[in-house]
Amino acid sequence: MKRSPMPPRRSELKQGKPLERKTPLRAGGNLERRVPLKSRSKKQEAKYRLRRVLVAELLAERPVCERCQAARSTDVHEPRMRSRGADITDPKQCVCLCRDCHNWVHANPAAATADGWLIASWDREAAS
Ligand SMILES: [Zn+2]
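Residues numbered from 1 in each chain as written. Predicted model: local features only at pLDDT ≥ 70, side-chain atom pairs only at ≥ 80, totals over all residues.

A short note on the overall build of the protein
Each helix and strand in the protein was counted, giving four helices and two strands. Reading the secondary structure of the protein in the N-to-C direction produces α-β-β-α-α-α. Against the compact-globule benchmark of 14 Å for 128 residues, the protein has a radius of gyration of 29 Å, which places it well outside the compact range. Overall, the C-alpha framework of the protein stretches about 90 × 50 × 25 Å when taken along its three principal axes. Within the protein, buried positions represent 13% of all 128 residues. (Helix = DSSP H or I, 4+ residues; strand = E, 2+ residues; numbered from the N terminus. Rg over C-alpha atoms; globule rule 2.2 N^0.38 Å. Buried ≥ 20, exposed ≤ 12 C-beta atoms within 10 Å, placed from the backbone.)

Observations regarding helix H2 (residues 99–107)
Taken together, the buried positions of H2 are Cys101, His102 and Val105. With its buried residues spanning 100° around the axis, H2 presents them on a single face. Of the residues in H2, the exposed ones pointing more than 90 degrees away from the buried face are Asn103 and Ala107. Packed against the buried residues of H2 are strand S1 (75–77), strand S2 (95–97) and helix H3 (109–114). (Arc of directions from axis to C-beta. Contact = placed C-beta atoms within 7 Å.)

A word on helix H1 (residues 42–61)
With 20 residues, H1 should reach 28 Å at 1.5 Å per residue; the first-to-last C-alpha distance of 29 Å fits that figure. Burial of H1 is sparse: only zero of the 20 residues sit out of reach of the surface. (Expected span 1.5 Å × (residues − 1).)

A look at unusual backbone geometry
One non-glycine residue, Gln69, adopts positive backbone phi at about 55°. Assessed through the 9 C-beta atoms surrounding it within 10 Å, Gln69 is described here as exposed.

A short note on the environment of Thr113
With respect to the secondary-structure elements, Thr113 resides in helix H3. Not counting residues up to four positions away in its chain, the partners in contact with Thr113 are Leu118 and Ala120.

Brief notes about the environment of Tyr48
Within the secondary structure layout, Tyr48 lies in helix H1. Under the C-beta neighbour-count criterion, Tyr48 is labelled exposed, with 12 such atoms within 10 Å. In the structure, Tyr48 is positioned 41 residues away from Thr89 in sequence and 8.1 Å away in space, judged by C-alpha atoms.

Topic: the confidence of the model for the protein
Scored by pLDDT, the protein has a mean of 87; 95% of the residues are at 70 or more. The weakest mean pLDDT in the protein belongs to helix H4 (residues 124–127) at 56; the strongest belongs to H2 at 96. (pLDDT = per-residue confidence, 0-100.)

Quick look at the structure:
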């Protein structure tokens, strides 16, 4: 594409004040945080406190793995995963599994979803 030439300036460019720095950053300055980030917010902390109680209760209530019906349950699994929006403090969202079964569920998501051990995030009916 051919452009038309710029029209000539009507007045000369004027030189103003030199540029000023508006932030305290300096070259070679220390950018490290002085206070480390909290790993969890207070709200999240409270939620996980409830979760620990719930996990202890559920494992005592259902001592046998709900998948293989053989091994001792050690893990509380959420079929609708936390990453898919599960409420980790809702006992209806929890299944007690042994470590091997829990590993299997997360290693084979397609088969686990077909068997009902996982719920897809878009599957609203299976969740309720
Ligand atoms: Zn099992």
